[in-house]
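Coordinate inspection notes
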Amino acid sequence: MGRIILYIIVIAFIIAVITKFFYLLVAGALGYWAYKQFKKSQTKGSKQTLTYVLGAFAGVFLILFVGSLSSDTANKTEPIAVVDTKEDSSSNSETKSNTADVIETSQSSDSKGKQTQGTQNNHNRFPATLVEVTDGDTLKVTVEGKEEKVRLLLIDTPESVHPEKEEQPFAKDASNFVKKQVAKGNMELELDVSERDKYGRLLAYVWIDNKMLNEQLLEYGLARVAYIYPPNTKYVDQFEEIQKQARVKAKGIWSIENYVQDSGFVEPKPAIEEPVVVTQAPSVEKNNEVKNESIVTNVYYKNCDAVRAAGADPIYEGEPGYSRKLDRDGDGIGCER
């Protein structure tokens, strides 16, 4: 009984080998037959026609064997594609669970849905480490040990460090907001089609724990949609929708009339020819009652040089002529030496 089982196993093994290597065995047999025919014809001095035919068939079967190996390899790779699909679906489910964080930062339902769509593309991001916040729309980071300047895509914030411009309204607010956000978690960068601008800076959407910094600046009225240069337009539609909501609610930069222009930020100039300070002493009526006349105070200083020229430095909050741009550190004392 044991011998019968052994014979069955041996026969099954032989059948399996023949099935697997059928084309190779046939090619080998034909090749060997062609070789013997070649020797035989060479000895007799006859034509080699049969040798060529046998060799051709041997080659055909050899090609069929190689083709069968290629198809087997392709079939083996198919399960890998299925695994990748499962991994992608699990990745999508993970990003959907993080959508709640993104929704917290948006008050409009339209922008919320689009932020969710953005978080599902986190496989296009790569980690970066903050080095410095230059201003509201520019950062310095390190990527794989290399320091890079990063310009936030599709937005523009008021200037705070421009060499040819004074600090603009809400510039410090935007810069401080960015500093606060980047300190909250891990930073990732997402590139669009074109990776760099003409200055060599990386053009990126900046993500902090699945919240896009570009969107947050627009949402709180600290940036405008700008510098739309195809093909880097991936999120432009949802950015414009978020900007629309901020403009309707007069948030941040939208609270100053005509401040935001297509060309950038234009601070309205007050229609004052020169500083005027008028103080009138109280007048005494016949009934001996003292009547306080209104004190007219309408003072405007363009900068600290004007304050010092007028001898009004330092100027304190609440005094005539005090403004936020004269008090950069926000301690209530402007133009302090």
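Look up: the structure comes first, before these words.
Structure report, in brief. (Residues numbered from 1 in each chain as written. Predicted model: local features only at pLDDT ≥ 70, side-chain atom pairs only at ≥ 80, totals over all residues. Heavy atoms only, no water.)

Quick word on the overall build of the protein chain
Heads up, the condition is: Per the convention used, a helix needs a DSSP run of H or I reaching at least four residues, while a strand needs a run of E reaching at least two, with both numbered from the N terminus. Each residue is placed in one exposure class: buried if its accessible area under a 1.4 Å probe, protein chains only, is under 20% of its type's maximum, exposed if it is over 50%, and partly exposed if it falls in between. Here, two residues are considered to be in contact whenever any of their heavy atoms come within 4.5 Å of each other.
Scanning the protein chain for helices and strands turns up 9 helices and 16 strands. The buried share of the protein chain, taken over its 337 residues, is 33%. The contacts in the protein chain between residues at least 6 apart in sequence include a share of 55% that link residues at least 24 apart.

Looking at helix 8 (residues 236-248)
Defined as follows: For a helix, the expected span equals 1.5 Å multiplied by the number of residues minus one.
With 13 residues, helix 8 extends 18 Å from end C-alpha to end C-alpha; this agrees with the ideal 18 Å at 1.5 Å per step. Positioned one or two residues after helix 8, Ala250 has a phi angle of 55°, which is positive.

Overview of the state of the cysteines
As used here, a disulfide is simply a covalent bond connecting the sulfur atoms of two cysteines. Spelled out, the test is: Counting rule for disulfides: a pair of cysteine sulfur atoms within 2.5 Å.
Scanning all chains against the criterion turns up 1 disulfide. Here Cys304 connects covalently by a disulfide to Cys335, the sulfurs 2.1 Å from one another. An S-S torsion of about -90° defines the bridge between Cys304 and Cys335 as left-handed. Here the residue Cys304 occupies a position in helix 9 (residues 304-309), and Cys335 occupies one in the segment after strand 16 (333-334), the gap between them amounting to 31 residues. Taken individually, Cys304 and Cys335 each receive the classification buried, so the pair is uniform in this respect.

Overview of the pattern of salt bridges
Rules: Put simply, a salt bridge is a Lys or Arg side-chain nitrogen that is within 4 Å of an Asp or Glu carboxyl oxygen.
The final tally for this structure, using the stated rule, is 10 salt bridges. Between Lys146 and Glu148 there is a salt bridge whose closest N-O contact spans 3.8 Å. What makes Glu148 buried here is its relative accessible area of 10%. A single salt-bridge network, built from bridges that share partners, covers Asp137, Arg151, Asp156 and Arg224.

Topic: the nonpolar core
Definition in use: Remark: nonpolar core denotes a set of buried residues (Ala, Val, Leu, Ile, Met, Phe, Trp, Tyr, Cys) joined through side-chain atoms within 4.5 Å.
Grouped together as the largest cluster of nonpolar side chains are 35 residues, with contacts concentrated most on Leu139, Met187, Leu189, Val206, Leu217 and Phe239. Looking at this core, the elements with two or more residues in it are strand 1 (125-135), strand 2 (138-143), strand 3 (146-152), helix 6 (171-182), strand 5 (187-196), strand 6 (202-208), helix 7 (213-219) and helix 8. Counting residues in each nonpolar core, the second largest holds 7 residues, with Tyr301, Cys304, Val307 and Leu326 among its members.

Some details on the pairing of strand 5
Under the convention used in this document: A strand pair is defined by DSSP finding two or more bridges across the two strands.
When strand 1 meets strand 5, the two strands line up antiparallel, connected through 4 bridges. Within strand 5, the residue paired with Pro127 across the bridge is Glu188. Examined bridge by bridge, strand 5 and strand 6 share 6 bridges and lie antiparallel to one another. Opposite Glu190, over in strand 6, you have Tyr205 as the bridge partner.

Notes on unusual backbone geometry
Outside of glycine, negative phi angles account for most residues, and trans bonds account for most peptide bonds. Here the residue pair Pro230 and Pro231 is connected by a cis peptide bond, since its omega of 10° sits within 30 degrees of zero. One can find Pro231 in the loop between strand 8 (224-225) and helix 8. One non-glycine residue with positive phi stands out, namely Tyr227, at about 55°. Positionally, Tyr227 belongs in the loop between strand 8 and helix 8. A positive phi angle, near 55°, is found at Ala250, a position not held by glycine. Tracing the backbone shows Ala250 in the loop between helix 8 and strand 9 (260-261). On the basis of relative accessibility, which here comes to 38%, the residue Ala250 falls in the partly exposed class.

Digging into the environment of Glu190
For clarity, the threshold we go by: Distance and chemistry together define a polar contact, namely a pair of N or O atoms within 3.5 Å, with one atom able to donate a hydrogen and the other to accept it when in protein, and with adjacent residues in sequence counting only for side-chain atoms on both sides.
Note on placement: Glu190 falls in strand 5. It is 5.0 Å that separates the C-alpha atoms of Glu190 and Tyr205, two residues lying 15 residues apart in sequence. For Glu190, the side chain forms a polar contact with the side chain of Lys234, separated by 2.5 Å.

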